[in-house]
Amino acid sequence: MAVGLVSTPVTAQAVPCAVTDAMTKASQHWLTNGPDLAANNWSNANYHVGNLALVRTTGISNHKTWPWVKANKFLLPLDTAHPYAADPQSSGEPYLDVAFFHPEPEVLQPLRDNLRAQVRDGKTYWTTPDALNMSLPSFTRIAVADRDQAMLDYAQKSFRALQRRTYNEFTGLWSFHTQTNGWAVQGLAKAVLNLPADSPARADFARTLRKSAAALARQQRSDGFWASSVHGRDIEAASTAMITYAIAAGINANVLDRPTYLPIVQRGWAALTSKALAADGKFGYVQARGSSTPASAGDTAGFAVGSFLIAGQQVVPLTPGC
């Protein structure tokens, strides 16, 4: 099957609504108060994916992502000893998003070179479910844009290798750590949105997304949050944003049943905007990646703000009046 050219759905937003108001407030607070905003790293990359989701949802730019991409010289922050590590490849996703507005060939050339070299290498390098968010979106989008079936086949092979090692087919979970599950379903949902409806790879990703979404829906707290572990009692906003995004995107992509899952999305978004998002726009209750320490209202991070913003982008078409 030839890979078709498909773009991620974009919602045109003519007038403000409560969802976009919350998105704008969170993004502006991070841009004003966030530390280390210039670094080319996975957390800032995930923030900028969210920032461009905000731009494409509202039609209003804050002119922050393009300067960040140019300052990076379009490069991935690669470790020469590990040239195909997943985290550095996360910078490719905002480069792909910004190329919608700035289609100059040099914007995506280093990303293309890195991914093509990895395909030629042929080995699989994804070691943790986080890779489904850090790497898979770039592989699927470049494969679609270039009609590169070999790249899509390699991405699917890498997914299946990771799945065999880290995914529990019985429970539908990738880990007992909720944020790990959040990274996985966030990346799978992006891949589903990126690929043509008749793609066998899309069907593969969607099948796992459906099973994981069902498992995670059962773990949602009565207040709409997910805890830091699937059996925990605390609240964790980053994973709540990731899972809310993934389920909303699954509904919008017609791979998750709307009547079943829309209440899950609505409860998740309500929790995020009523408690995690403070009045001044700070997005709190974010557990550091890989941490086991419960998060507090003062704990925030760029990657979590990014997940909140892409969740909002998917919530908008599910919200009357937006």
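Residues numbered from 1 in each chain as written. Predicted model: local features only at pLDDT ≥ 70, side-chain atom pairs only at ≥ 80, totals over all residues. Heavy atoms only, no water.

**Points about the overall build of the protein chain**
Per the secondary structure count, the protein chain includes 14 helices and 0 strands. Each helix and strand of the protein chain, ordered N terminal to C terminal, gives the series α-α-α-α-α-α-α-α-α-α-α-α-α-α. At 18 Å, the protein chain has a C-alpha radius of gyration in line with the 20 Å of a compact globule built from 322 residues. Oriented by its inertia axes, the alpha-carbon framework of the protein chain measures out at about 45 × 45 × 40 Å. By residue count, 58% of the 322 residues in the protein chain fall in the buried class. Of the contacts made within the protein chain by residues no fewer than 6 positions apart, 73% connect residues no fewer than 24 positions apart. Approximately 12,900 Å² of the protein chain is accessible, and the part contributed by carbon and sulfur atoms is 55%. Put simply, the protein chain has 28 plus and 23 minus side-chain charges, and the middle of one group is 4 Å from the middle of the other. (Helix = DSSP H or I, 4+ residues; strand = E, 2+ residues; numbered from the N terminus. Rg over C-alpha atoms; globule rule 2.2 N^0.38 Å. Buried < 20%, exposed > 50% of the residue type's maximum accessible area, 1.4 Å probe, protein only. Contact = heavy atoms within 4.5 Å. Areas by Shrake-Rupley, 256 points an atom, 1.4 Å probe, with all protein chains shown as cover. Lys, Arg positive; Asp, Glu negative; His and termini not counted. Charge placed at Lys NZ, Arg CZ, Asp CG, Glu CD.)

**Notes on helix H8 (residues 136-146)**
Every α-helix carries 3.6 residues per turn, so stepping three or four residues along brings you back to the same face. Counting buried residues in H8 gives 9 out of 11 residues, a clear majority hidden from the surface. Restricting attention to buried positions, one finds in H8 the residues Leu136, Pro137, Ser138, Phe139, Thr140, Arg141, Ile142, Ala143 and Val144. Positive backbone phi, approximately 50°, marks arginine 147, located one or two places after H8.

**What about the state of the cysteines?**
For the structure on display, the rule yields 1 disulfide. Linked covalently through their sulfurs, cysteine 17 and cysteine 322 form a disulfide whose S-S length is 2.2 Å. Here the disulfide of cysteine 17 and cysteine 322 is right-handed, its torsion about the S-S bond being about 110°. Of this pair, cysteine 17 sits in the segment before helix H1 (18-33) while cysteine 322 sits in the segment after helix H14 (302-315); the two residues are 305 residues apart in sequence, bridging distant segments of the chain. (Disulfide = S-S within 2.5 Å.)

**Focus on H1**
Over its 16 residues, H1 runs 23 Å from end to end, which matches the ideal 22 Å to within 8%, given 1.5 Å per residue. Among all positions of H1, only Val19, Thr20, Ala22, Met23, Ala26, Ser27, His29, Trp30 and Leu31 are buried. Taken together, the buried residues of H1 touch helix H2 (42-58), helix H13 (258-276) and H14. (Expected span 1.5 Å × (residues − 1).)

**A look at the environment of isoleucine 142**
By secondary structure assignment, the location of isoleucine 142 is in helix H8. Isoleucine 142 sits 112 residues away from asparagine 254 along the chain, and the two C-alpha atoms are 23 Å apart. Filtering out sequence-adjacent residues up to four positions away, isoleucine 142 remains in contact with Leu96, Leu111, Arg112, Leu115, Arg147 and Met151.

**Considerations on the pattern of salt bridges**
Tallying each qualifying case throughout the model produces 10 salt bridges. Between aspartate 97 and arginine 141 there is a salt bridge, with the nearest N and O atoms lying 2.7 Å from each other. Remark: arginine 141 occurs in helix H8 and aspartate 97 occurs in helix H5 (residues 92-98); sequence separation between them is 44 residues. The class of arginine 141 is buried, set by a relative accessible area of 17%. Because the salt bridges share partners, they merge into one network encompassing Asp87, Asp130 and Arg289. (Salt bridge = Lys/Arg side-chain N within 4 Å of Asp/Glu carboxyl O.)

**Some details on the environment of asparagine 252**
Positionally, asparagine 252 belongs in helix H12 (residues 237-252). The class for asparagine 252 is partly exposed, based on a relative accessible area of 28%. In the structure, asparagine 252 is positioned 65 residues away from proline 317 in sequence and 7.9 Å away in space, judged by C-alpha atoms. In this structure, asparagine 252 is in contact with Gln314, Pro317 and Leu318, ignoring residues within four places of it in sequence. At a separation of 2.8 Å, a polar atom in the side chain of asparagine 252 contacts the side chain of glutamine 314. (Polar contact = N/O pair within 3.5 Å; in protein donor to acceptor, adjacent residues only side chain to side chain.)

**What to know about the confidence of the model for the protein chain**
Within the protein chain, residue pLDDT values average 94, and 95% of them lie at 70 or more. Low confidence marks residues 1-14, where pLDDT is under 50. Its contacts with residues over four positions away, or in another chain, come to 39 contacts. (pLDDT = per-residue confidence, 0-100.)

**Concerning the side chain of glutamate 236**
Along the chain, glutamate 236 falls in the loop between helix H11 (200-217) and H12. No salt bridge forms around the buried glutamate 236; measuring N to O, its nearest opposite-charge neighbour arginine 221 is 11 Å away. Engagement of the side chain of glutamate 236 in a polar contact is seen with the backbone nitrogen of alanine 238, the distance being 3.1 Å. Once you skip the residues sitting within four places of it in the chain, glutamate 236 turns out to touch Gln179, Phe225, Trp226, Ala227, Ser228, Tyr285, Val286 and Gln287.

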